[in-house]
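Close look at the chain arrangement
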Amino acid sequence: MGEGCSRTAKCVMIILGILFWAAAAGLMFVGVRIFQTYNEFEDIMDSPYQLIPAAIVIGAAVFMFITGLIGCCGACREHKCLLATFFTLILLILLLQITAAILGVVYKDEIKGGIETGLETAVQNYTDVKYQHTVDDIQEQFKCCGVHNYTDWEGVHWGANSTGKVPQSCCKKATIANCTGSYLTEDDRKYIHEKGCIDAVEDLFSSNLKYIAVFGAILAVIMLMGMVFACVLICSRKEVPYMNLERSGDTYRA
């Protein structure tokens, strides 16, 4: 019975080790994706708080890969020291995940506020080539115009020189040939995007945190299983019995 449990735990541990490698790849993808998103919209990001959970997730991914390797080796050899190390690393990764989740919740409002402030600054300084490229990319990518809506262009420096108009990046692609950028009449507004960009950009960054949350929940289950089966293997590991040998003539007997 005990030997059967030990074999089952050993097989499960090997499978979990492989799952840890797959999970490490998934976590690394999410972490790198967040950094890429931040770099893409760096000009409008007023706060780097979003990168804190991402950095923790990437660190956890590295630990996950090492942990999966240790788990497989420990299970195959039923080595108590390796299994204990595996258990400790899982516990550490679990704590890192909890920390990332807490920081994601704590800095959620700061991230949203930073995005709104950064986007408003970019619109206000649209005449600056650096901000102009960023704003145009956002408005074209998310099919939006301004921060909250197209009227945000009324009070900015660019708008003062182009009264009643929005940048060409606000034009709908399907009707861009007829779009003059004007929003003065209802007929003009048919050719431009009227909704603002803030919700779309915030949703993009919020989705990154949701990916972390989903991965975290799945990994928590896998890690708890790993801890349980590691304990089973540690407890079921039999020590090699030592026997005293007595010499009798030219032979030894136990």
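See the structure above.
Now for a description of the structure that goes with this document.

Conventions we followed
Residues numbered from 1 in each chain as written. Predicted model: local features only at pLDDT ≥ 70, side-chain atom pairs only at ≥ 80, totals over all residues. Heavy atoms only, no water. Salt bridge = Lys/Arg side-chain N within 4 Å of Asp/Glu carboxyl O. Buried < 20%, exposed > 50% of the residue type's maximum accessible area, 1.4 Å probe, protein only. Axes fitted to C-alpha atoms, helices over the stretch in contact; angles between N-to-C directions. Helix = DSSP H or I, 4+ residues; strand = E, 2+ residues; numbered from the N terminus. Left-handed = near helix turned anticlockwise from the far one by under 90°. Contact = heavy atoms within 4.5 Å. Nonpolar A, V, L, I, M, F, W, Y, C, P; charged D, E, K, R; others polar. Patch = residues over 30% accessible without salt bridge, like charges linked within 9 Å, V, L, I, M, F, W, Y side chains within 5 Å. Areas by Shrake-Rupley, 256 points an atom, 1.4 Å probe, with all protein chains shown as cover. Phe/Tyr/Trp six-rings, centres within 6.5 Å; stacked < 30°, edge-to-face > 60°. Lys NZ or Arg CZ within 6 Å of the ring centre and 35° of its normal. Disulfide = S-S within 2.5 Å.

It is worth spelling out the pattern of salt bridges at this point. Scanning the model with the defined rule gives one salt bridge in all. Its salt-bridge partner being K190, residue D187 comes within 2.9 Å of it at the nearest N-O pair. Taking the relative accessible area as the measure of exposure, D187 reaches 41% and is therefore partly exposed.

With that out of the way, let us pick up the packing of helix α4 (residues 108–124) against helix α5 (residues 129–142). For the pair α4 and α5, the least separation of the axes is 9 Å and the interaxial angle reads 115°. The hand of the α4/α5 crossing is left-handed. Here L119, T121, A122 and V123 of α4 lie close against α5, whose contacting residues are Y131, V135 and I138. Here the residues of the contact of α4 with α5 sort into six nonpolar, one polar and no charged.

Before going further, it helps to examine a nonpolar patch on the surface. Taken together, I18, W21, M28, V32, V62, F65, I66 and L69 make up a surface patch of nonpolar side chains, about 660 Å² in accessible area. Relative to the helices and strands, I66 resides in helix α2 (residues 51–77).

A few words now on unusual backbone geometry. Most peptide bonds take the trans form, and the phi angle of most residues other than glycine is negative. Of note in the backbone geometry, K143 takes a positive phi value of approximately 55° without being a glycine. Given a relative accessible area of 52%, K143 falls into the exposed group.

The next thing to look at is the packing of aromatic side chains. This model, assessed by the stated rule, comprises three aromatic pairs. A centroid spacing of 5.0 Å and a plane angle of 80° characterise the contact between Y126 and W153, whose relative ring orientation is edge-to-face. Residue Y126 is found in the loop between α4 and α5, and its partner W153 is found in the loop between α5 and α6 (157–161); the two are separated by 27 residues along the sequence. Since its relative accessible area comes to 5%, Y126 is described here as buried. Exposure remark for W153: the relative accessible area of 0% places this residue in the buried category. Sitting over the ring of Y131, K130 keeps its end group 4.9 Å from the ring centre.

Per the counting criterion, the structure on display carries three disulfides. Here C144 pairs with C197 through a disulfide, and the sulfurs are 1.9 Å apart. Classification of the bridge connecting C144 and C197 rests on its S-S torsion, roughly 100°, and on that basis the disulfide is right-handed. Within this pair, whereas C144 is found in the loop between α5 and α6, its partner C197 is found in the loop between α7 (186–189) and α8 (198–236), the two being separated by 53 residues in sequence. Grouping residues by exposure puts C144 and C197 together as buried. What links to what in the protein: the bonded cysteines, counted in sequence order, pair as 1-6, 2-3, 4-5.

Let us look at the environment of V123. Residue placement: V123 occurs in helix α4. V123 sits 35 residues away from W158 along the chain, and the two C-alpha atoms are 8.6 Å apart. If sequence neighbours within four positions are ignored, V123 has contacts with V135, V147, W153 and V156.

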